Amino acid sequence: MSANKENLNGILIMTLAMLAFAIDDMFLKLLTSTVPIGQAMLLMGVGSSLVFYVLVKKSGGKIFDRSLLQFPMLLRNTGDLIGTFGIFIAIALIPLTTVVSIMMALPLLVILAAVFFLNEKVGLKRWVAVLSGILGMLLVVKPGTEAFNINTLFAVIGVIGMTVRDIGSRIAPKSVKSEFMALYASVMVIPLGIIIILFEQEFKPLNTIEGIYLIFLILIGTFAYHAMTIAVRMGD
């Protein structure tokens, strides 16, 4: 595949991933409006882990691999844990439109991080896009003004964590499959959900509507997550 075609495919896949994340965030907002944050996180982690386990087994990949202890995977999983925590809390505490607006800066922050940490070259048009995206995020967050909501910082922390995750995905060896990466990122969400449950001291049975929200959250989320991982590993 030519470099230009690979770049175009990467852009298309990332666009689909960001659209899917926006829809997924809607279901997360609906779910956490009646279900404790820790419980929602735990159930999503379990469901996503099962989906990615099946994908890894279908692809013939290993469930356990030494690459888990290598720097790219450690970096990726740490960033993902921070990103998941930040976005989950933000969606529960602030308007969904604010979270989605901040999340739209993610691809631009990945470009910025790639320039500084991976020595990738960026042209003038991309620099303009990056600076415009960061300015747009600042306009949404409104730091230093009366309209500033400190809870928006959770969304910013989430996006920074996701940027670290995507840089880890980028530098991981091509031999490490994307679904393998996603499996262990999902598994790591489970203990984080349990810890939050211990703080919240709340766990409830789901009703039918909440169960439907959870199913869509898992299915759309796994698609978005897998697509994003594939996209950041393509082209430049």
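Up top is the structure these notes are about.
Remember, it's a predicted structure, so these values are computed and weren't measured experimentally. (Residues numbered from 1 in each chain as written. Predicted model: local features only at pLDDT ≥ 70, side-chain atom pairs only at ≥ 80, totals over all residues. Heavy atoms only, no water.)

Colleague: An account of the overall build of the chain is needed here, citing residue identities and associated values.
Modeller: A tally of regular secondary structure across the chain gives nine helices and zero strands. For the chain, the sequential pattern of α-helices and β-strands runs α-α-α-α-α-α-α-α-α. With respect to the three principal axes, the spread of C-alpha positions in the chain is 55 × 50 × 30 Å. Burial status across the chain gives 48% buried among its 236 residues. Sequence-distant contacts, at least 24 apart, represent 89% of the contacts inside the chain between residues at least 6 apart. (Helix = DSSP H or I, 4+ residues; strand = E, 2+ residues; numbered from the N terminus. Buried < 20%, exposed > 50% of the residue type's maximum accessible area, 1.4 Å probe, protein only. Contact = heavy atoms within 4.5 Å.)

Colleague: Break down the environment of Thr 97 for me, with residues and values.
Modeller: Mapped onto the secondary structure, Thr 97 falls in helix α4 (residues 96-103). For Thr 97, a relative accessible area of 59% puts it in the exposed group. Through-space distance from the C-alpha of Thr 97 to that of Ala 22 is 9.2 Å; in sequence the pair is 75 residues apart.

Colleague: Got a sec to walk through helix α2 (residues 37-58)? Specific residues and values, please.
Modeller: When the terminal C-alpha atoms of α2 are compared, their 32 Å separation across 22 residues agrees well with the 32 Å that a helix rising 1.5 Å per residue should span. Immediately downstream of α2, the backbone of Gly 60 shows phi near 80 degrees, a positive value. (Expected span 1.5 Å × (residues − 1).)

Colleague: Run through the packing of aromatic side chains, naming residues and quoting values.
Modeller: One pass over the structure, following the stated rule, counts five aromatic pairs. With a centroid separation of 5.0 Å and 10 degrees between ring planes, the pair formed by Phe 27 and Phe 216 is classed as stacked. Residue Phe 27 is located in helix α1 (residues 3-32), and its partner Phe 216 is located in helix α9 (residues 208-232); the two are separated by 189 residues in the primary sequence. Judged by relative accessible area, Phe 27 falls into the buried class, the value being 12%. Ring centres of Phe 85 and Phe 154 lie 6.3 Å apart, and the angle between their planes is 75 degrees; on these two criteria the pair is classed as edge-to-face. Pair noted here: Phe 85 is in helix α3 (residues 71-93) and Phe 154 is in helix α7 (residues 152-171), with a separation of 69 residues, a long-range link. (Phe/Tyr/Trp six-rings, centres within 6.5 Å; stacked < 30°, edge-to-face > 60°.)

Colleague: I'd like a description of the side chain of Thr 229, backed by residues and values.
Modeller: Structurally, Thr 229 is set in helix α9. Thr 229 gets classed as buried once you look at its relative accessible area, which sits at 3%. Within the local environment of Thr 229, its side chain forms a polar contact with the side chain of Arg 76, the two groups lying 3.1 Å apart. Apart from residues lying up to four places away in sequence, Thr 229 is in contact with Arg 76, Ser 169, Ser 178 and Met 181. (Polar contact = N/O pair within 3.5 Å; in protein donor to acceptor, adjacent residues only side chain to side chain.)

Colleague: Please set out the side chain of Thr 222 residue by residue, giving values where relevant.
Modeller: Looking at the secondary structure, you find Thr 222 in helix α9. At a separation of 2.9 Å, a polar atom in the side chain of Thr 222 contacts the main-chain carbonyl oxygen of Leu 219. Setting aside residues no more than four positions away along its own chain, Thr 222 makes contact with Ser 48, Val 51 and Phe 52.

Colleague: Requested: an account of α9, with residues and values cited.
Modeller: With 25 residues, α9 extends 36 Å between its outermost C-alpha atoms, agreeing within 8% with the 36 Å of an ideal straight helix rising 1.5 Å per residue. Of the residues that open α9, the one with a side-chain oxygen 3.2 Å from the backbone nitrogen of Ile 209 is Asn 207.

Colleague: Outline the packing of α3 against α7, listing residues and values.
Modeller: Look at α3 against α7: their axes get within 6 Å of each other, and the N-to-C directions meet at 155 degrees. As summarised for this structure, α3 and α7 are arranged roughly antiparallel, according to the angle between their axes. Crossing hand, α3 versus α7: left-handed. Looking at the contact of α3 with α7 residue by residue, the classes come out as 17 nonpolar, seven polar and three charged. (Axes fitted to C-alpha atoms, helices over the stretch in contact; angles between N-to-C directions. Parallel < 35°, antiparallel > 145°, perpendicular 65-115°, else oblique. Left-handed = near helix turned anticlockwise from the far one by under 90°. Nonpolar A, V, L, I, M, F, W, Y, C, P; charged D, E, K, R; others polar.)

Colleague: Outline the pattern of salt bridges, listing residues and values.
Modeller: Evaluated as defined, the whole model comprises three salt bridges. Here Arg 165 ties to Asp 80 by a salt bridge, and the two come within 3.5 Å at their closest N and O atoms. With Arg 165 in helix α7 and Asp 80 in helix α3, this residue pair connects regions lying 85 residues apart in the sequence. Per residue, the accessibility class of Arg 165 equals that of Asp 80, and both read buried. Between Glu 210 and Lys 204 there is a salt bridge, with the nearest N and O atoms lying 2.8 Å from each other. (Salt bridge = Lys/Arg side-chain N within 4 Å of Asp/Glu carboxyl O.)

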